[in-house]
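# Structural description and commentary
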Amino acid sequence: MDTTKIIVDSLGWIGSILLIAGYWLNSRGEINAQSLIYQLLNLIGGILLIVNTVYYGAYPSSAVNIVWVFIGGFYLMKIKKEKKSKSI
């Protein structure tokens, strides 16, 4: 088996696990959707899934994950900004 394929497949599985973990923890009330950890799980999971879907040419899935990453990035910046304003 091709080493690149193994790496890309592994990244895809890790990304999927991160997204599912974030959703599951949020659904159970263990983390808040506005929390840093939730946004990081989504951002990192989305990035890993982008690598996987682009490699396999699954462009509709890539597009969804690109939007997912932008949303996660936006809210990470918002969390950072709010944290910074509270510390002043």
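Look up: the structure comes first, before these words.
Here the residue index of a chain counts from 1 through its sequence in written order. In keeping with the model being predicted, local features are shown solely for residues with a pLDDT of at least 70 and side-chain atom pairs are shown and tallied solely at 80 or more, while totals for entire chains, interfaces and linings include all residues. Excluded from the side-chain calculation are hydrogens and water; included are all heavy atoms of the structure.

This part covers the packing of aromatic side chains. Centres within 6.5 Å are what make two rings of Phe, Tyr or Trp a pair, Trp counting through its six-membered ring; a difference in plane orientation under 30 degrees is then read as stacked, over 60 as edge-to-face, and the rest as tilted. Per the counting criterion, the structure on display carries 2 aromatic pairs. Taking 4.9 Å as the distance between ring centres and 85° as the angle between the ring planes, the aromatic pair formed by Tyr55 and Tyr56 counts as edge-to-face. For the exposure calls, accessible area comes from a 1.4 Å probe over protein chains only, and a residue counts as buried if that area is under 20% of its type's maximum, exposed if over 50%, partly exposed in between. Owing to a relative accessible area of 37%, Tyr55 belongs among the partly exposed residues under this scheme. Judged by its relative accessible area of 39%, Tyr56 falls in the partly exposed class.

So, on to helix α1 (residues 3–27). For α1, which comprises 25 residues, the first-to-last C-alpha distance of 36 Å matches the rise-based estimate of 36 Å (1.5 Å per residue) to within 8%. Among the residues of α1, those classed as buried are Val8, Asp9, Gly12, Gly15, Leu19 and Gly22. Where α1 is buried, its residues touch α2 (36–55) and α3 (59–86). Immediately downstream of α1, the backbone of Gly29 shows phi near 80°, a positive value. Numbering of helices and strands runs from the N terminus; a helix is a DSSP stretch of H or I covering at least four residues, while a strand is a stretch of E covering at least two. Expected span of a helix, by definition, is 1.5 Å for each gap between consecutive residues, and there is one gap fewer than residues. Residues count as neighbours in contact if any of their non-hydrogen atoms are within 4.5 Å of one another.

Relative to the helices and strands, Leu11 resides in helix α1. Separated by 18 residues in the primary sequence, Leu11 and Gly29 have C-alpha atoms spaced 27 Å apart. Not counting chain neighbours up to four residues away, the residues in contact with Leu11 comprise Leu48 and Val51.

A word on the side chain of Asn65. Here Asn65 shows up in helix α3. Among the residues examined, Asn65 registers a relative accessible area of 9% and is labelled buried.

On to a nonpolar patch on the surface. There is a patch of nonpolar side chains on the surface, built from Leu36, Leu40 and Ile44 and spanning about 220 Å² of accessible area. The class of Leu40 is partly exposed, set by a relative accessible area of 31%. Residues enter a patch when their relative accessible area is above 30% and they make no salt bridge; the linking distance is 9 Å between like charges and 5 Å between nonpolar side chains (Val, Leu, Ile, Met, Phe, Trp, Tyr). Using a 1.4 Å probe, the Shrake-Rupley method yields the accessible areas, and only the shown protein chains count as cover for residues. Criterion for a salt bridge: a side-chain nitrogen of Lys or Arg within 4 Å of a carboxyl oxygen of Asp or Glu.

Over its 20 residues, α2 runs 29 Å from end to end, which matches the ideal 28 Å to within 8%, given 1.5 Å per residue. Within α2, the full set of buried residues consists of Tyr38, Gln39, Leu41, Asn42, Leu43, Gly45, Gly46, Leu48, Leu49, Ile50, Asn52 and Thr53. At its buried positions, α2 is contacted by α1 and α3. Immediately beyond the C-terminal end of α2, within one or two residues, lies Gly57, with a positive phi of roughly 75°.

Each axis is a line fitted through C-alpha atoms, and for a helix only the stretch in contact is used; angles between axes span 0 to 180 degrees, taken between their N-to-C directions. Running from N to C, α1 and α2 cross one another at 150°; their axes reach a closest spacing of 7 Å. Considering their axes alone, α1 and α2 lie roughly antiparallel with respect to each other. Judged by the sense of rotation from one axis to the other, the crossing of α1 with α2 is left-handed. Amino acid classes used here: Ala, Val, Leu, Ile, Met, Phe, Trp, Tyr, Cys and Pro are nonpolar; Asp, Glu, Lys and Arg are charged; the rest, including Gly, are polar. Of the residues belonging to the contact of α1 with α2, the class tally is 15 nonpolar, 10 polar and 2 charged. Angle categories are assigned with fixed cut-offs, so that under 35 degrees is roughly parallel, over 145 is roughly antiparallel, 65 to 115 is roughly perpendicular, and the rest are oblique. Should the near helix be turned counterclockwise from the far one by less than a right angle, the crossing is left-handed, whereas a clockwise turn marks it as right-handed.

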